[in-house]
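For reference, the chains in residue letters:
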Amino acid sequence: MRRRDIVTLLSGVLASGAGLAWPAPARAQQGAPAVAFFHSGSAQVNAGIAEAFRQGLREAGYTENKNLKIEFLWAEDHTDRLEAMAAELVRRQVAVIAANSVSAVAAKAATATIPIVFQSGIDPVVSGLVASLGHPGGNTTGVSFFASTLEVKKLELLHELMPAAAVIAVLVNPNNPQEENQANEVQAAASMLRRPLMILKAGSERDIDAAFAALVQQGAKGVVVIGDPFFNSRRTQLIALAARYATPAIYSNRENVDEGGLISYGASLPEAYREVGIYTGRILKGAKPADLPVLQPTKFEMIVNLRTAKALGLELPSALLDRADKVIE
Amino acid sequence: MIKRAKTSALISDLAALFRFRRRLRPKFVAVLTIVVCVALISTAAFEVLFSYQDRKASLIRIQHEQAESAAGKIAEFMKSIEDQLSWTTHAPWAATAPNRQSLDLWRMMLRQVPAITDLALLDGTGHEQLRVSRLSLDEIGSQLDFSKDPKFLETEAAKPYRSPVYFRGGSEPYMTISLRARNGSVSVAEVNLKFIWDVVSQIRVGEHGQAYVVDGRGRLIAHPDISLVLRNTDLSDLAQVQAARTDSAGSPESTQIAKDTYGREVLTAYTSIAPLDWTMFVELPVDEAYAPLYSLILRVSILILVGLLLAFIADLFLARWIVQPLERLEKFASTVRKTKDYSLRVEHKSDDEIGRLAVAFNEMLSELSAARERESSEQFELARVSRLTTMGAMTASIAHEINQPLAAIAANANAGLRWLSRPAPDIEEVHAALKRINNDAHRASEVIQSVRSIFKKAPQQGASVNVNDVVLEVLALVHGELMNYHVAAKPDLDQFLPQVRADRVQLQQVVLNLVMNAVEAMGSVQDRARQLNVASRRHEPNGVLITVQDTGPGIDPDGKDRIFNAFFSTKSSGMGMGLFICRSIVEAHGGRLWATPAQPRGTIFHLVLPIGETAEGRV
């Protein structure tokens, strides 16, 4: 037995002895840390991701109302309120702020000290949330969704379904900081595919109605709904409009297809929020956001709703159906 | 005196024993503690040592096996990707220009192999003919030129090309795998290595141990904590990573203790992942590896504490059962010593050794007090005797000594008168009687002289004496008494005895006394002959023995020694001085006088006198 081993042995004995003598007491709710869940949407529509966030926290060892308080702040799609809400969060000095992309940008502007864990559909490096994906560097880290590059794939999928000369519309949110990038990428892809494209902007409920009316009027045969928190919030309206105008639409989130959308392509949003929960837990345990690299999804799912297709009178190619991760019949 | 000395020695011994009381308890405690601790610690030391070695050996083996198995899984994972990719090189359309149908097939490949993010087909000249992707637009016939790219150049016919690991966006680990088909076209797959996470995260290494993969440059490419990988962590500084570079095979002996990326001390085992230049590490924190040992040591420590506690409790009982009674006994002993009150008794309750010690102690005290009583009465007796002998006893002695010749004179005078008063007076007998009277008168005179000499402390009149003469003189002297008592006297004298050095008168007195005692003792005998035997013998080595035996009732064994005491008498008229004086005289001559019972009845008095110079008296 070498001396180092013995020293290790002894220190281990001391450590285990200490552990035996003073078992860690279950943390009471009194004085439990408080984290904020800061989202630009509404509680009603985003119950699923809030639950996924709780799930992630539980996996990291934190249970709401037991050893953790979660304060939910919903901007109800009023992005103009985000700044004031972020300031309020900073004033309340929560331990960690979990936020979706636009909220995270507002929070980041409000504090450089309170850790922020984001789920971002926009490029976090471009939006200034982090210095780089591998080494965020500041008080911010989270899950990046690649959403902007995936718009191209969404266009490609819809392109497969459409007759050769049909116009495809793209619905973008003018309030999204990267709206222009998104539009440009999709436009470039459409050029490669030699597909006529129509870009429609909608930043409010009424805009969406107007956009759908316009695309039908102008002869678009399908619509790509860009991944955006606002459009996530308005998914019921979008699905209803697509049905009403008998327009095939492709979305980012499978939830839309579950509720009657035609097709979706993208990573799982609840899965991303579970990761946000886990990261929040790790930060509560002392990890520094600067040391936690930005996570990126590895699984991209294609979900197809056959019932919707049938209602639209659309014949889906078998090659596409074969590739689908899930087909809702 | 001897008894008292013995007793006090015993008491002092006990006291000396009890003086250790202050050390008795610590001794017990120390012995118990040492026994408990030595037993437990030696057992524990052996157990810990052997468990440590056993555990280390088994951990090394297990970890190495885990590393081998994990390396196998990762190799298998990579192999499965290559196998899937090889399918593209065998496809019939690989020979022809890609079309819509091949695009669908390639898209299915992506569906089936989640780890492949992008898949491309380069023709024999290195131009891209087909590309499908999860993230960007699929394309047919882009004609992009990859002819100078290693993924085209370094891909040989039967051997897949495996690029170094690269980090997409500076974060996600990727590698390129290329396969060349028979027609020279190359299938290129970009593989997202985050999928290896599924493999390494499933490897359970104890509670907090982990398995991870490092590439040939020492960069982390798979770790249960994916964030370490995404941070593009460089582990080439770790001792075990450097060791793996020199010994890539990784033998069980390569397991060692090193620091992991968190700075913890870990038991690390590694093995290479063929055919890649990657190394699989399996690490278990040393703290956890030896946790059972710590708990063993902890258990033993608790046992030792319990042992000490037991020793302490045992000591308490010991104190209650042994030390405290001993202390009480000691206190009692010292009380007895101080007060000299030998009537005190120790209280005792138990029947154990301590109880028996108390009983023995009490018995000893009883004997001690009895001895003290006896001693004091003896002293009193001695004082009395000493007074009497110096005063009255001497008078009695003188009277006795004088009385003998006077009695003889009276007897001879009577005899003389009887001879004269006979019808024919026998003058010769009268003459003889008168002569005996004369002799007795002289003897009485000598007695007086002798007594006077004692009082004057005159030196002993030592002279050479023939004991036979003395015996015969005495027998002649008591002739009348013998006749009166109908005693038959039978001298049995050794004619060749040496002479002894003695005071003749005193010796005569002793023999006369013994003979008269014998005669008087036989006065009550009716049923048998009254026989007096007087004998003289040589008594080796250098003495002369005179025995006087009677056929009287004898002396009872109890009185055998006491008869020589002053004032002891079995006779109603006796003063009890005769034998006492006799013994005094004999002892003064350096001789001995004692009595033994005769067979079948009677008593034998033995008188031994030394011969020659040794006869010098001490009076």
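So, a few notes on the structure that sits alongside this text. Model, not experiment: these values are computed from the prediction.

Details of the overall build of chain A
Alright, step 1. The secondary structure content of chain A amounts to 13 helices and 12 strands.
Alright, step 2. Here chain A, with 329 residues, has 48% of them falling under the buried criterion.
Alright, step 3. Long-range pairs, those at least 24 residues apart, make up 69% of the contacts in chain A with a sequence separation of at least 6.

Considerations on the overall build of chain B
Alright, step 1. Check the secondary structure of chain B and you find 17 helices and 19 strands.
Alright, step 2. The buried share of chain B, taken over its 619 residues, is 32%.
Alright, step 3. In chain B, the proportion of contacts linking residues at least 24 apart, taken out of those at least 6 apart, comes to 63%.

Quick notes on the sheet that holds strand 2 (residues 69–74) of chain A
All names here are of chain A.
Alright, step 1. Read from one edge of the open sheet, 5 strands run 2-1-3-4-5, paired in parallel fashion. Whereas interior strands pair on both sides, the edge strands pair on one side only; in this sheet they are strand 2 and strand 5 (140–144). The sheet shows a mean angle of 20 degrees between the axes of neighbouring strands, direction not considered.
Alright, step 2. Relative to strand 3 (residues 96–100), strand 1 (residues 34–39) runs parallel, the two being bridged by 4 bridges. Along strand 3, the bridge assignment pairs Phe37 with Ala98.
Alright, step 3. Sitting on the sheet, helix 11 (residues 269–284) is in contact with strand 1, strand 3, strand 4 (116–120) and strand 5, with an inclination near 170 degrees to strand 4.

Looking at the interface of chain B and chain A
Alright, step 1. Taken residue by residue, the interface counts 33 residues in chain B and 32 residues in chain A.
Alright, step 2. When contributions to the side of chain B that touches chain A are tallied by element, the ones reaching two or more residues are helix 3 (100–112), helix 6 (226–230), helix 8 (286–289) and helix 9 (291–339) of chain B.
Alright, step 3. It is helix 9 of chain B that contributes the most residues to the side of chain B that touches chain A, 6 residues altogether.

A short note on the nonpolar core
Alright, step 1. Residues Phe38, Ile97, Ala98 and Ala107 of chain A together with Val213, Ile221 and Met280 of chain B are the most contacted members of the largest nonpolar core, which totals 111 residues.
Alright, step 2. Core analysis: the next-biggest nonpolar cluster, separate from the first, contains 43 residues, Val170, Ala202, Ile226 and Leu316 of chain A among them.

Cut-offs applied
Residues numbered from 1 in each chain as written. Chains lettered and ligands numbered in written order. Predicted model: local features only at pLDDT ≥ 70, side-chain atom pairs only at ≥ 80, totals over all residues. Helix = DSSP H or I, 4+ residues; strand = E, 2+ residues; numbered from the N terminus. Buried ≥ 20, exposed ≤ 12 C-beta atoms within 10 Å, placed from the backbone. Contact = placed C-beta atoms within 7 Å. Pairing = 2+ DSSP bridges. Axes fitted to C-alpha atoms, helices over the stretch in contact; angles between N-to-C directions. Core = buried A, V, L, I, M, F, W, Y, C linked by C-beta atoms within 7 Å.

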